[in-house]
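Topology and contacts: notes
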Amino acid sequence: MATVSLRLGDLVWGKLGRYPPWPGKIVNPPKDLKKPRGKKCFFVKFFGTEDHAWIKVEQLKPYHPHKEEMIKINKGKRFQQAVDAVEEFLKKAKSKDQSSHNSAEEKNRRNSSEERSKQNSGDEKRKAGLSEGKVRKNMGEGKKRVSSASTERGSKSPLKRAQEQSPRKRGRPPKDEKDLTIPESSTVKGMVAGTMAGFKWQPSVSEPVKDGDPHFHHFLLSQTEKPAVCYQAITKKLKVCEEETGSTSIQAADSTAVNGSITPTDKKIGFLGLGLMGSGIVSNLLKMGHTVTVWNRTAEKCDLFIQEGARLGRTPAEVVSTCDITFACVSDPKAAKDLVLGPSGVLQGIRPGKCYVDMSTVDADTVTELAQVIVSRGGRFLEAPVSGNQQLSNDGMLVILAAGDRGLYEDCSSCFQAMGKTSFFLGEVGNAAKMMLIVNMVQGSFMATIAEGLTLAQVTGQSQQTLLDILNQGQLASIFLDQKCQNILQGNFKPDFYLKYIQKDLRLAIALGDSVNHPTPMAAAANEVYKRAKALDQSDNDMSAVYRAYIH
């Protein structure tokens, strides 16, 4: 894209990495978000998504001159929704501007009318005074009239008379007017600080945070809003941390903005492991036009995907050898190692240039070991565990945490767009594993606390439903909270996230804390409750079945 002259408030088309151009607006970044060094760029908030990023100026184009061009090359549903959001924004901006203009004209008309009324009234008084003066003069009272007029003029100081004659005081403007001037944008004049239904950007330091906009808020572990329940939104804030060398150590590849208009990579994709998470991921890869070869330990699980257009691989080694990028998503560290190092495993299919992406939630030592053996054979390695559950996997709304080969991360962009709403690159191998364990530690501990609260309510004679209603109206409200409580109240523990896997993640997170001598007493307590639930044969139920550990 050609370099253009832009400024705060402009509507633009922004291109981020390998993603297609997307409509957005140049806004002030959050106070604590540093601008990347050595780059001339603007902070852009994208329409129709919760995404925002620093975009280089050469990757920006003004919105209006290139609108038709962009619409022709992007046909996705979400893209059209984003364009509709821009048009709605412009419509409301124009309406507000017209309303302000009309109000100003009406005020001017009223002021003019009042001035004319005062002028007419003054003319009548002067005429009346002249007539009266003539009468008085005729009656021999002229001297008295002059004396009276002089006294009336002298009763007011020259300053006060000047104030009455002037429509406005000089110097500083009145308190209610001095802040009305807003810097004009070259795109929408007077609307830099404007808002519209269905679109809001991250406010600058001087702007208050406004509520009620679903596009730029998300909920705890979920983005889907459920009717009839009030959720406390948590404003998303993208944070970019830079090392002293100026290299970016953490970035967000905002994939929500392009999920509806993905151009699938021409690389052949392999996928190993069709469990709760892997099944949804593969389905979305196929829906978005990727060429996918699948393998699963239980071969019958592949049948559905073969019907959807996937190819069947007989072994992990065969999948890796015939594909450019192979993803894997299995249950635990042992399964991840067996998949790579076992008979007919991934390592046997690796040769220079082959790419392997492990999406399993494992510990940092395991993923580091796998990376070393893959790279030793000339392969490229990326870890990319995902945060979410079965439903989010099916919906293509996972959060991907990636680390390792940055080039491979970029090569996976269309795949990450298909399977997730956002992806983060966290630097060197091991960082994503650590971050994922911390995320799941918080989630697992929270779930155990929810179960503990519901059982305490029950044994003390309180209504569990009322407790949920109260929580859903407070600061803890979230889709996660409501869904898991509903599972417990309905006794429905169909797995959305296996209890045995959250317990595994708690165990690994505690070990991570031990490795750096950091206490994790809350996670340790929660882990014991999950172990109790496993002993009660709840391993293959949803994590919310931890509730049963409290009632037995």
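Bear in mind the structure is a predicted one, so any value in this text is a computation, not a measurement.

Scanning the protein chain from N- to C-terminus turns up 19 helices and 17 strands. Counting the 552 residues in the protein chain, one finds 44% classified as buried. Within the protein chain, contacts between residues separated by at least 24 positions form 66% of all contacts whose residues are at least 6 apart in sequence. With an accessible surface of roughly 29100 Å², the protein chain has 51% of that area assigned to carbon and sulfur atoms.

By the element assignment, A336 lies in helix α8 (residues 333-341). Each C-alpha atom of the pair A336 and D358 lies 8.1 Å from the other, and the pair is 22 residues apart in sequence. If near-sequence neighbours (up to four positions away) are discounted, A336 is found in contact with V330, D358, V362 and L370.

Before going further, it helps to examine the nonpolar core. One broad rule of soluble globular proteins: the nonpolar side chains tend to lie buried together. Formed by 36 residues in total, the largest nonpolar core has its most connected members in F271, F327 and M359. Only β9 (269-272), α5 (276-287), β10 (292-295), β12 (325-328), β13 (355-358), β16 (398-404), α12 (406-411) and α13 (413-419) provide two or more residues apiece to this core. With 5 residues, α5 is the single largest residue contributor to this core. Leaving out residues up to four positions away in the same chain, F271 has contacts with G278, I281, V282, L285, V292, T293, V294, W295, V319, F327, C329 and M359. Ranked by size, the runner-up nonpolar core spans 31 residues in total, among them I450, L481, V529 and Y547.

With respect to topology, 5 strands assemble into an open sheet ordered β4-β3-β2-β1-β5, the strand pairing being antiparallel. Each edge of the sheet is formed by a strand with only one pairing partner; in this case those strands are β4 (52-56) and β5 (60-62). Here the average twist between neighbouring strands, direction ignored, is 45°. As paired strands, strand β1 (residues 11-14) and strand β2 (residues 22-26) are joined by 4 bridges and run antiparallel to one another. Paired with W13 across the two strands is P23, which belongs to β2.

For the rest of this paragraph, the subject is the side chain of K504. Within the fold, K504 resides in helix α17 (residues 499-515). Judged by relative accessible area, K504 falls into the buried class, the value being 6%. Sequence-distant contacts of K504, defined by excluding residues within four places in its chain, comprise S331, D332, P333 and T361.

The next point concerns unusual backbone geometry. Unusually for a residue other than glycine, N517 sits at a positive phi of about 55°. Within the secondary structure layout, N517 lies in the loop between α17 and α18 (521-535). One non-glycine residue, D537, adopts positive backbone phi at about 65°. With relative accessibility at 65%, the residue D537 sits in the exposed group.

The next thing to look at is the pairing of β12. Along β12, one buried face is formed by I325 and F327 and the opposite face, lined by T326 and A328, is buried too. Where β9 and β12 come together, 4 bridges link them in parallel fashion. Note that in β12 the partner of I269 across the bridge is I325.

Regular strands have side chains that alternate between both faces of the sheet. Counting buried residues in strand β17 (residues 420-425) gives 5 out of 6 residues, a clear majority hidden from the surface. Note that β16 and β17 share 5 bridges and pair parallel. Bridge pairing links V399 to T422 in β17.

So, on to the packing of aromatic side chains. Applying the stated criterion across every chain, the model contains 10 aromatic pairs. Taken together, a centroid distance of 5.1 Å and an interplanar angle of 15° make the contact between W13 and Y63 stacked. Of this pair, W13 sits in strand β1 while Y63 is found in the loop between β5 and α1 (67-73), placing the two residues 50 residues apart along the sequence. Among the aromatic residues, those joined into a cluster by ring pairs are F271, F327, Y409, F416 and F425. Here the guanidinium or amino end of R406 rests over the ring plane of F425, the centre of that ring lying 4.8 Å away. The aromatic ring of Y498 is capped on one face by K500, whose charged end is 5.2 Å from the ring centroid.

Conventions and cut-offs
Residues numbered from 1 in each chain as written. Predicted model: local features only at pLDDT ≥ 70, side-chain atom pairs only at ≥ 80, totals over all residues. Heavy atoms only, no water. Helix = DSSP H or I, 4+ residues; strand = E, 2+ residues; numbered from the N terminus. Buried < 20%, exposed > 50% of the residue type's maximum accessible area, 1.4 Å probe, protein only. Contact = heavy atoms within 4.5 Å. Areas by Shrake-Rupley, 256 points an atom, 1.4 Å probe, with all protein chains shown as cover. Core = buried A, V, L, I, M, F, W, Y, C linked by side-chain atoms within 4.5 Å. Pairing = 2+ DSSP bridges. Axes fitted to C-alpha atoms, helices over the stretch in contact; angles between N-to-C directions. Phe/Tyr/Trp six-rings, centres within 6.5 Å; stacked < 30°, edge-to-face > 60°. Lys NZ or Arg CZ within 6 Å of the ring centre and 35° of its normal.

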